[in-house]
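# Structural features, examined
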Amino acid sequence: LFPQGQLLAKSWSSLFGGQSGAALRGPIYSFNGRNVLTDPLWPHQLAWHGSTPRGGHARRWDCQGWRSSGTAEGMAAALGEGRLLAGHRHNCSTP
């Protein structure tokens, strides 16, 4: 539960297990208090995780060692999908 009492997900497995229909149920805030689902400073609304769909380390797709001039890709999931480890490869330079 959030401090305001809002439920983020029904269970741990629904949040990370890739179950269909496991949409996030509340706002997600950045460390500076912005709602990343609605704030224009978060245009892509991605959760960067560098993991496989089962939660393992996606070694080639984790943005480790990334440099701004590079073309490396990392695993990230769209927050609106509600399946945090489902992810797709995105350029590590994506804000």
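None of these values were measured; they are calculated from a predicted model. (Residues numbered from 1 in each chain as written. Predicted model: local features only at pLDDT ≥ 70, side-chain atom pairs only at ≥ 80, totals over all residues. Heavy atoms only, no water.)

### Looking at the side chain of Asp-39
Threshold: Secondary structure elements follow DSSP: runs of H or I no shorter than four residues count as helices, runs of E no shorter than two count as strands, and numbering proceeds from the N terminus. Polar contact criterion, stated in full: a pair of N or O atoms within 3.5 Å, where within protein one must be able to donate a hydrogen and the other to accept it, and residues adjacent in sequence count only if both atoms are side-chain atoms.
Mapped onto the elements of the fold, Asp-39 is located in the loop between helix 1 (12-16) and strand 1 (46-48). Separated by 2.9 Å, the side chains of Asp-39 and Arg-34 make a polar contact.

### Thoughts on the pattern of salt bridges
The cut-off we apply is this: One speaks of a salt bridge when a side-chain nitrogen belonging to Lys or Arg is within 4 Å of a carboxyl oxygen belonging to Asp or Glu. Each residue is assigned to one of three classes by its accessible area relative to the maximum for its type, calculated with a 1.4 Å probe on protein chains only: buried under 20%, partly exposed between the two thresholds, exposed over 50%.
Counting across every chain of the model gives 2 salt bridges. Two residues, Asp-39 and Arg-34, come together in a salt bridge whose shortest N-O distance is 2.9 Å. For Arg-34, a relative accessible area of 33% translates into the label partly exposed. Taking the shortest distance from any N to any O, the salt bridge between Glu-73 and Arg-89 comes out at 3.2 Å. On the criterion of sequence distance, the pair formed by Glu-73 in strand 2 (residues 73-78) and Arg-89 in strand 3 (residues 88-91) is long-range, its members being 16 residues apart. With a relative accessible area of 47%, Arg-89 lands in the partly exposed category.

### Considerations on the state of the cysteines
So the rule is basically this: By convention in this document, the label disulfide applies to cysteine sulfur atom pairs within 2.5 Å.
Counted according to the given criterion, the structure contains 1 disulfide. The disulfide that involves Cys-63 links it to Cys-92, with 1.9 Å between the sulfurs. Taking the torsion about the sulfur-sulfur bond, which here is approximately -95°, the covalent link between Cys-63 and Cys-92 counts as left-handed. Linking Cys-63 in the loop between strand 1 and strand 2 with Cys-92 in the segment after strand 3, this pair joins segments that are 29 residues apart in sequence. Of the residues examined, Cys-92 reaches a relative accessible area of 10% and is grouped as buried.

### Here we look at the packing of aromatic side chains
Here is the rule: Any two rings among Phe, Tyr and Trp, with Trp reduced to its six-membered ring, count as a pair given centres within 6.5 Å; such a pair is stacked if its planes are under 30 degrees apart, edge-to-face if over 60, and tilted if neither. Lysine and arginine charges are scored as sitting over a ring when NZ or CZ, respectively, is within 6 Å of the ring centre and within 35 degrees of the ring normal.
Within the structure shown, the criterion is met by 0 aromatic pairs. Here the guanidinium or amino end of Arg-89 rests over the ring plane of Trp-61, the centre of that ring lying 4.2 Å away.

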